[in-house]
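One-letter residues, chain by chain:
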Amino acid sequence: MAETQTFLRALRERLMYLIAVLLILLIPLIFFSFGSGLIEKVAKKIPLREGNFSGAGGVLKVERPAAPR
Amino acid sequence: MPRTLICGHSRSASIFLTTVLFFMMAFLLVGGNRNNAGMMQASLVYLVFMTVLAYLLFRSGRVHRYRSIFFSVYAIAFVLNFIPILLETRGHIALTGRDIANLDTPLCHLTIPMLILPGLVYGVLIFPTKLFANMGFYPMLFLWLGATVVLGKGWCSWGCFYGGLDEFFSKLLPKRIVSSRKFNYSLRWFPFALLLVIVVWSFLALDPVYCGWLCPFKAVTEFVQPTNWLIWVQTGIFVVLFLGLVVVLPLLMKRRTQCGLFCPFGAFQSFVGLANPYRVRIDKEKCNQCGACVDQCPTFAITRETLAKNKVSITCARCGRCMEICPRDAIQFSLLGVPLRGHDARKPGFLSEVFRPDSLFTFGALLFGAVISGGMAAQVLLRFVHLARTGSFLFR
C-alpha cells in the first residue's frame, strides 16, 4: 500500500513537471496560431455577432436584441 | 531589514536556461519580422535586452527586480506605441460617435469579463469592436486564454500591458512616504465586489460600463470625445482614477494600488488563473512569521492572517517580491501536487536546477512576455530613430 502511494506520488510529480514543460512549448504555438488562420477557423463556429452601435453622443450602447436565443 | 537569502541558479544552469530562451525568443521575435529589415533590427536590439535581463534574473534569483524592469519597459512601450498608432490610423485619439458606429475601437483584456454573459445569452458583442480585426475581440480572447493557461494570475505581473505603469510609478521613489502599517487589508477584496457589479450591470444595460465609467487607463490610450456633460463626468472620473491609483498612490505607498485594490480584471484572473498549475507557497518549516513579505507585497496578497496559515491570497500576482524579501527563503514558486522541497533540499545538480518550478515558471513567463511585448518595443525603438531623423514620432 505504502509502495503504491509512493509510486503514485512520484508519478503525479513527474506528470506535473511534464505539464510545466508542455506549457512552455504551448507559448510558440499560441503565437503561431495568430498568423495561421486557426483563430478564424475556430471562432467562425461560435455564434457571436458584432454589436450594432448608434454612436450618438459617443455613448457605448448596443441595441437590445429582440429575444434571447 | 533582515539580510535576504535569495536562491539564484549556478552559472552553468543560468547560461543553459538563457541560451534556450534566447533561441526561442529569436525564433518568435526576429523570425516573425524577416520581411521587414527595420523591425528585424529593432527586434534584435530588444532580444539582446531581454536576454541580458533573463541571464541576470536566473543567475541572481532576483525575479522581482528584473521582471519589474521588463514590465515597466513593456507598459511604457505600449503607451508610446498605441497613441501614435491611433493618430496614424484614425487621425485622433478621442473616440467619436462615428468611430463607435464603425466598430473602430481596439479591445483590451479588461473588457472580457463584461462580454461573457451578454455573449452567451444574446450572442452579441457589447463592445464596439470588430470580431476579427487586429486588436479585435477574437485575437484578444485567444491571447487571454493562452495567457491564462500559461501564466494564470501571473498575467497581472508578466503579461498585462497596463500593470507595468503602476509598477513603474511604485519604483520611482527610493522610500515609502505613506506607511502601510495601519492599512486595512480587507480592501483587497474590493476588486471582487467591483467585478460582480460591472458584470451584472453590463449584462443588464448591455453596455461595457467599466470602459465607459471607470477604466483609469483611458488616460493613456483612448477615450470617448467629450460632447456632453455626462461624458465630461466620465472623463473626470477616469483622469482622477488614473492619477490617484496609477500615479500618486503607487508613488507614495510603493505598491501597485490599481492592480491590488481596484482592477476587476485582476479579480477575474484570480479565479480563472487557478487553471494554471503554478502557485506561490510558504514553507512552514522555514517561515518565522517575521512579516517582511506582508509589508512588501505589491498587490497586498499576503496579510498577517494569511501568513499565520502559511498561505498567500488568491490575489497573488506571481511578481516574486516576497521571494526576494524573505530572509529565510521560505517563499517559493511551486507546482501543484509537488511537495515544497526548497531550493537547498534537492540533490544539487544541473538538471535539478533547470527543472526547479521557479525556473520553469520564470522561463515561460519571460518567453510569453518577450513575445507579446516584442512588436511594441521594436516599433517604439523605430519611432525614436524616426524622431531623431525627421523630428516626428509618427511614421506618417
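**Q** Honestly, the pairing of strand β1 (residues 278-282) of chain B in this entry has me stumped. Any pointers?
**A** Looking along a regular strand, one sees side chains alternate from face to face of the sheet. Residue and element names in this part refer to chain B. With four of five residues buried, β1 lies mostly within the body of the structure. With five bridges joining them, β1 and strand β2 (residues 331-335) adopt antiparallel strand pairing. Its bridge partner being in β2, R279 is matched across the sheet by S334.

**Q** How should I be thinking about the environment of A26 of chain B in this particular structure?
**A** Residue and element names in this part refer to chain B. Tracing the sequence through the fold places A26 in helix α1 (residues 11-29). Sequence separation between A26 and A370 is 344 residues, and the spatial gap between their C-alpha atoms is 9.9 Å. Excluding residues within four positions of it along the chain, A26 makes contact with G31 and L47.

**Q** I keep staring at the layout of surface pockets and nothing clicks. Help me out?
**A** Rolled over the atoms, a probe as big as a water molecule pinpoints where empty space is left. Its boundaries defined by the atoms lining it, the largest pocket holds a volume of some 1,400 Å³. Considering the residues around the largest pocket, the lining is formed by 43 residues, among which N134, M135, I372, G375 and M376 of chain B are closest to the centre. Looking at the lining of the largest pocket, the elements that each hand over two or more residues are α1 (2-36) and α2 (38-43) of chain A together with α1, α3 (63-89), α6 (137-150) and α18 (357-390) of chain B. Among the domains, domain 1 (1-93 + 356-396) and domain 2 (97-276) of chain B are the pair contributing at least three residues each to the lining of the largest pocket. Its boundaries defined by the atoms lining it, the second largest pocket holds a volume of some 320 Å³. Considering the residues around the second largest pocket, the lining is formed by 13 residues, among which P174, R176, K254, Q296 and R321 of chain B are closest to the centre. Mapped by element, the contributors of at least two residues to the lining of the second largest pocket are α8 (163-172) and α14 (292-296) of chain B.

**Q** How do you make sense of the interface of chain B and chain A when you look at a structure like this?
**A** Frequently, the measure chosen for interface size is the accessible area that the parts lose on association. Counting from both sides, the interface comprises 58 residues of chain B and, opposite them, 39 residues of chain A. Interface area for chain B against chain A, summed over the two sides, is near 4,400 Å², with a carbon-plus-sulfur share of 74%. When the buried surface of chain B facing chain A is broken down by residue, Y122, F132 and F142 of chain B rank first, second and third, together holding 13% of it. Taken together, chain B and chain A are joined by zero salt bridges. Between the two partners, chain B and chain A, sit six residue pairs in polar contact (both at pLDDT 80 or more). Those elements that place two or more of their residues in the side of chain B that touches chain A are α1, α4 (97-101), α5 (112-122), α6, α9 (190-205) and α18 of chain B. Residues of the side of chain B that touches chain A, tallied by class, amount to 44 nonpolar, 10 polar and four charged.

**Q** Looking at this structure, I do not really get the side chain of T257 of chain B. What am I missing?
**A** Residues and elements named next belong to chain B. Relative to the assigned elements, T257 resides in helix α12 (residues 257-261). For T257, a relative accessible area of 1% translates into the label buried. The contact partners of T257, leaving out residues within four places of it in the chain, are D166, L245, L249, P250, F262 and F300.

Procedures and definitions
Residues numbered from 1 in each chain as written. Chains lettered and ligands numbered in written order. Predicted model: local features only at pLDDT ≥ 70, side-chain atom pairs only at ≥ 80, totals over all residues. Heavy atoms only, no water. Buried < 20%, exposed > 50% of the residue type's maximum accessible area, 1.4 Å probe, protein only. Helix = DSSP H or I, 4+ residues; strand = E, 2+ residues; numbered from the N terminus. Pairing = 2+ DSSP bridges. Contact = heavy atoms within 4.5 Å. 1 Å grid on protein atoms, 1.4 Å probe; cavity = no way out; pocket = protein on both sides within 12 Å on 5 of 7 lines; lining within 4 Å. Points joined across faces, edges and corners; volume = space filled by probe spheres on them. Domains from an automatic or database assignment. Buried area = accessible area lost by both parts, 1.4 Å probe. Salt bridge = Lys/Arg side-chain N within 4 Å of Asp/Glu carboxyl O. Polar contact = N/O pair within 3.5 Å; in protein donor to acceptor, adjacent residues only side chain to side chain. Nonpolar A, V, L, I, M, F, W, Y, C, P; charged D, E, K, R; others polar.

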